[in-house]
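Secondary and tertiary structure notes
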Amino acid sequence: KKPNIGAEQGMPLNGKILYVQADSIMSSYGYMKDLEAQFLSDNQLREKKLRDGQQRLQSMLKDYERKVPTMTSRERMKEEEKITAYQQQLMQDQQELSQLAAMQEAEMISQVYDSLHAFFSDFGAEREVDFILATQKASGVLYAHPDLDVTGEAIDALDARYKGTKEDTTLN
């Protein structure tokens, strides 16, 4: 006789398992798409800031090269210090912007996984299943019957839920 592990907590297990295709969930989930769009937009702004800084540095260098024949050694030294300081600031800005991008991406992934975990807890309870597995190419699942695949249903429900929360936040 197999032990009923869930019975200890008053929850008899029924052995029912469903699965979703994780790649499809991630590429179709509206919340993920919105977060990715925001991330890409923010990245474009970061890249523009760096490009603008690099263009300013190039302009400073050209201006220096143009003026150098008429400058005193003291003026040259002062201008070189100014250019060097700007180069260092630009490198520091680049590191900070890269760190911001990495932090934003990590936060985005965390938000999506938290959302998915909360959703699938409810989704599984409504369907009275014990497990909802996520499969993807090269995962440990070698075969799963297609009738157990609830990816489409999950995406529709995820997006409906997200649309509802999105509308709630725009109304407030």
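I will try to describe carefully the structure that is included in this document. (Residues numbered from 1 in each chain as written. Predicted model: local features only at pLDDT ≥ 70, side-chain atom pairs only at ≥ 80, totals over all residues. Heavy atoms only, no water.)

**Details of the overall build of the protein chain**
Counting secondary structure elements, the protein chain contains 4 helices and 2 strands. Each of the three principal axes of the protein chain carries a C-alpha extent, and together these read 95 × 40 × 30 Å. With 172 residues in all, the protein chain has 26% of them scored as buried. Of all intrachain contacts in the protein chain linking residues separated by at least 6 positions in sequence, the fraction that spans at least 24 positions is 84%. Entry remark: accessible area of the protein chain is about 12700 Å², with carbon and sulfur atoms responsible for 54%. Within the protein chain, the 29 negative side-chain charges are centred at a point lying 9 Å from the centre of the 21 positive side-chain charges. (Helix = DSSP H or I, 4+ residues; strand = E, 2+ residues; numbered from the N terminus. Buried < 20%, exposed > 50% of the residue type's maximum accessible area, 1.4 Å probe, protein only. Contact = heavy atoms within 4.5 Å. Areas by Shrake-Rupley, 256 points an atom, 1.4 Å probe, with all protein chains shown as cover. Lys, Arg positive; Asp, Glu negative; His and termini not counted. Charge placed at Lys NZ, Arg CZ, Asp CG, Glu CD.)

**Examining unusual backbone geometry**
One non-glycine residue, Glu-128, lies in positive phi territory at about 50 degrees. For Glu-128, the location among the structural elements is in the loop between helix H3 (73–126) and strand S2 (131–135). For Glu-128, a relative accessible area of 60% puts it in the exposed group.

**Description of the side chain of Asn-43**
As for its placement among the helices and strands, Asn-43 is situated in helix H2 (residues 30–67). Among the polar contacts made by the side chain of Asn-43, one reaches the side chain of Arg-46 at a distance of 2.8 Å. (Polar contact = N/O pair within 3.5 Å; in protein donor to acceptor, adjacent residues only side chain to side chain.)

**Comments concerning the pattern of salt bridges**
On inspection of all chains with the given rule, the structure shows 5 salt bridges. Its salt-bridge partner being Asp-63, residue Lys-67 comes within 3.2 Å of it at the nearest N-O pair. A residue pair is termed a helical-turn pair when its members lie 3 or 4 positions apart in one helix, as Lys-67 and Asp-63 do in helix H2 at 4 residues. Taking relative accessible area as the criterion, Lys-67 reaches 37% and is therefore assigned partly exposed. Taking the relative accessible area as the measure of exposure, Asp-63 reaches 23% and is therefore partly exposed. (Salt bridge = Lys/Arg side-chain N within 4 Å of Asp/Glu carboxyl O.)

**Remarks on the nonpolar core**
For soluble globular proteins, the rule of thumb is that nonpolar side chains tend to be buried together. Ile-25, Tyr-29, Leu-116, Phe-120 and Ala-154 are the most contacted members of the largest nonpolar core, which totals 21 residues. If we skip the residues at most four places from it in the chain, Tyr-29 touches Ser-115, Leu-116, Leu-158, Asp-159 and Tyr-162. Of all hydrophobic cores here, the second largest spans 7 residues; its members include Leu-57, Met-60, Tyr-86 and Leu-90. (Core = buried A, V, L, I, M, F, W, Y, C linked by side-chain atoms within 4.5 Å.)

**Some thoughts on the environment of Lys-78**
Structurally, Lys-78 is set in helix H3. In sequence terms Lys-78 and Thr-135 are 57 residues apart; their C-alpha atoms lie 62 Å from each other.

**What to know about the packing of H2 against H3**
Viewed as axis vectors pointing N to C, H2 and H3 meet at an angle of 175 degrees, and their least axial separation amounts to 10 Å. Put simply, H2 runs roughly antiparallel to H3. For the contact of H2 with H3, a count of residues per class yields 17 nonpolar, 9 polar and 11 charged. (Axes fitted to C-alpha atoms, helices over the stretch in contact; angles between N-to-C directions. Parallel < 35°, antiparallel > 145°, perpendicular 65-115°, else oblique. Nonpolar A, V, L, I, M, F, W, Y, C, P; charged D, E, K, R; others polar.)

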